[in-house]
Protein chains: 2
Amino acid sequence: MHPFDTATALASSSTGRFGGSTSPAYANMVGPFGGTTAATLLNAALQHPARIGEPIALTVNFASALADGSFEVESRAVRTNRSTQHWAIELMQAGEVAATATAVFARRRETWSMPEASAPSDLPEPQALPRASLVGRPAWVQRYDMRFIEGGMPDRFDGELQADSRSCLWVRDEPPRPLDFASLAALADCFFPRVFLRRRKIVPIGTVSLTTYFHADAAMLAAQGEQPVLGTARAVNFRNGYFDQSAEVWSSRRELLASTHQVVYYRE
Amino acid sequence: MHPFDTATALASSSTGRFGGSTSPAYANMVGPFGGTTAATLLNAALQHPARIGEPIALTVNFASALADGSFEVESRAVRTNRSTQHWAIELMQAGEVAATATAVFARRRETWSMPEASAPSDLPEPQALPRASLVGRPAWVQRYDMRFIEGGMPDRFDGELQADSRSCLWVRDEPPRPLDFASLAALADCFFPRVFLRRRKIVPIGTVSLTTYFHADAAMLAAQGEQPVLGTARAVNFRNGYFDQSAEVWSSRRELLASTHQVVYYRE
């Protein structure tokens, strides 16, 4: 079993109440990597017997730092239409809500389709780049093979303000694992907090809300398989304790798989 | 009373259950303008007696087309920390969930702050531009004074594919009204569906999920007052029935007030 599947596994339920547990393989500085929490919440809808269609949108709100250990997740289809379904999901730990999520699922139909944003071009292939250093990084970072074209984690934190916090990287699960909706939901949170890059300074941070839009269907994810995806990320604005960052995840054929946005608390 | 306040009013409640009603002044083609629905859901947290702080993030999921008429809103503080508070909100109509929302509120503290995205510069002032035509537009469009610098609603729908769907406009409530969190939440949905601009074609559409990050605090909103804000919008990707669009709302001093993202269903 891949460590990602262990970290995001839910004990099966026919009622929408699931049991789960954090995994040391995806530990962050405090508690688990938010990406695995997001994937676990999505799994509670994906694995619900009443589910229809595939994920279109997921918003996860991190209400408190998750503690290492077990938790419960409850998913509820609040509205099921002919081709769309709306979910409310809560993660409880020690009797309190630690995270909430809403998700929209849909059965897609073929329509006119067209990109507007485009992936950067003329990039080196992943095998031509070194894997990013894991020295001093928490466990979850070791579960991704990241190869930066631009905007890797600074090699020194000297507090020198940078002009921007843009990143461009190849990234895949480590060890390799075929991409699916759950792993894409987690990968949407793998872009380091932009404040570290912009300020070349480590300050206490925590994502408070994470929204991901899925542009890929299951067939596109299957075609991507275990190949590295291309990620592009940047910050929007930092102000009085909160900043937001946006990112895109592109397939190796440069099709958009997901676009994602988050707002992050920071101190100092 | 300003028509916006009428449209988003909730009958007061000490229990987190509120009554509201759609307003003809903000009617859309079918049902009410989604922006007023978003503002109404936010109001259910803003007006809740247990609320702390100011809005940081709001995600609204439109589970079905709202019918004209009355509805109930229930807001619940699922977690209250020292400086942050997480909300779950549901709008019920005719015994069914028609919309859900989650919101994060926080008491902000002064920290290092810095923009990363920036507003376009060298723009004509609003008074130098004509107000956008209201011919054939639904009622809610008449409740905004929009002056386009770029990317207005096409004057013909000839189906000619455009290179992009970017818009840049000055916009304010009509009649003028001092900006607050509720009106900013509504204004985040005033950017026409990008598919109309990109394809110069009207197709059936409906926003399914809308996320807004608030960068402004109450003092910044008070400083903006009734002056027009600057909006910038674009699409990200259109694929098999769903596209996403992103927008920013800037103050007249070119400070970011809000960044906003939505995923929209479209047919054909």
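Model, not experiment: these values are computed from the prediction.

Cut-offs used in this document
Residues numbered from 1 in each chain as written. Chains lettered and ligands numbered in written order. Predicted model: local features only at pLDDT ≥ 70, side-chain atom pairs only at ≥ 80, totals over all residues. Heavy atoms only, no water. Phe/Tyr/Trp six-rings, centres within 6.5 Å; stacked < 30°, edge-to-face > 60°. Helix = DSSP H or I, 4+ residues; strand = E, 2+ residues; numbered from the N terminus. Buried < 20%, exposed > 50% of the residue type's maximum accessible area, 1.4 Å probe, protein only. Least-squares fit on C-alpha atoms with pLDDT ≥ 70 in both. Contact = heavy atoms within 4.5 Å. Buried area = accessible area lost by both parts, 1.4 Å probe. Salt bridge = Lys/Arg side-chain N within 4 Å of Asp/Glu carboxyl O. Nonpolar A, V, L, I, M, F, W, Y, C, P; charged D, E, K, R; others polar. Pairing = 2+ DSSP bridges.

A.B. asks: Would you explain the packing of aromatic side chains in this entry?
C.D. replies: Any aromatic ring pair is given by two values, namely how distant the centres are and how the planes are angled relative to each other. This structure, assessed with the given rule, holds 28 aromatic pairs over all chains. Measuring from ring centre to ring centre gives 6.4 Å for F238 of chain A and Y266 of chain A, while their planes differ by 80 degrees; the resulting arrangement is edge-to-face. Remark: Y266 of chain A occurs in strand β12 (residues 256-266) and F238 of chain A occurs in strand β10 (residues 229-239); sequence separation between them is 28 residues. Classification of F238 of chain A by relative accessible area gives buried; the value is 1%. Their ring planes at 70 degrees and their centres at 6.4 Å tell us that Y266 of chain A and W112 of chain B sit as a pair that is edge-to-face. Note that Y266 of chain A is positioned in strand β12 and W112 of chain B in the loop between β5 (96-106) and β6 (114-115), a pairing that runs across two chains. Feature note: the residues F33, W140, Y144, F148 and F192 of chain A constitute an aromatic cluster, connected by ring pairs.

A.B. asks: Can you help me understand unusual backbone geometry in this one?
C.D. replies: For residues other than glycine, phi is negative in most cases, and the peptide bonds are mostly trans. Here the amide bond leading from E174 of chain A into P175 of chain A is cis, since omega sits at 0 degrees, within 30 degrees of zero. If you trace the backbone, P175 of chain A turns up in the loop between β8 (167-173) and α4 (181-187). One non-glycine residue, R254 of chain B, lies in positive phi territory at about 70 degrees. For R254 of chain B, the location among the structural elements is in the loop between β11 (242-250) and β12 (256-266). By relative accessible area, R254 of chain B is classed as partly exposed at 29%.

A.B. asks: Any chance you could explain the relation of the copies chain B and chain A here in plain terms?
C.D. replies: For these two chain copies, the linking operation is a rotation about an axis paired with a shift along it. Each copy of the sequence occupies a distinct position, and chain B is placed on chain A by a rotation of 180 degrees and an axial shift of 0.0 Å, giving an RMSD of 0.0 Å. Expressed as a symmetry operation, the mapping of one chain copy onto the other fits a two-fold axis. Taken together, the interface assignments show that 100% of the residues at the interface of chain B recur at the interface of chain A, consistent with an identical surface on both copies.

A.B. asks: What is the right way to read the interface of chain B and chain A from this model?
C.D. replies: Interfaces are often described in size by the accessible area the parts lose on coming together. Each partner contributes residues to the interface: chain B has 66 residues there, and chain A has 66 residues. Of the roughly 5700 Å² buried at the junction of chain B and chain A (both faces included), carbon and sulfur atoms supply 52%. Taken as a group, W112, E116 and R239 of chain B account for 14% of the area that chain B buries against chain A, more than any other trio of residues on that side. One can count eight salt bridges joining chain B with chain A. E116 of chain A is paired through a salt bridge with R198 of chain B; the nearest N and O atoms lie 3.4 Å apart. Residue composition of the side of chain B that touches chain A, grouped by class: 27 nonpolar, 21 polar and 18 charged. Pairing geometry for strand β6 (residues 114-115) of chain A and strand β10 (residues 229-239) of chain B, over two bridges, is antiparallel.

The values reported here are purely geometric and, on their own, carry no functional implication.
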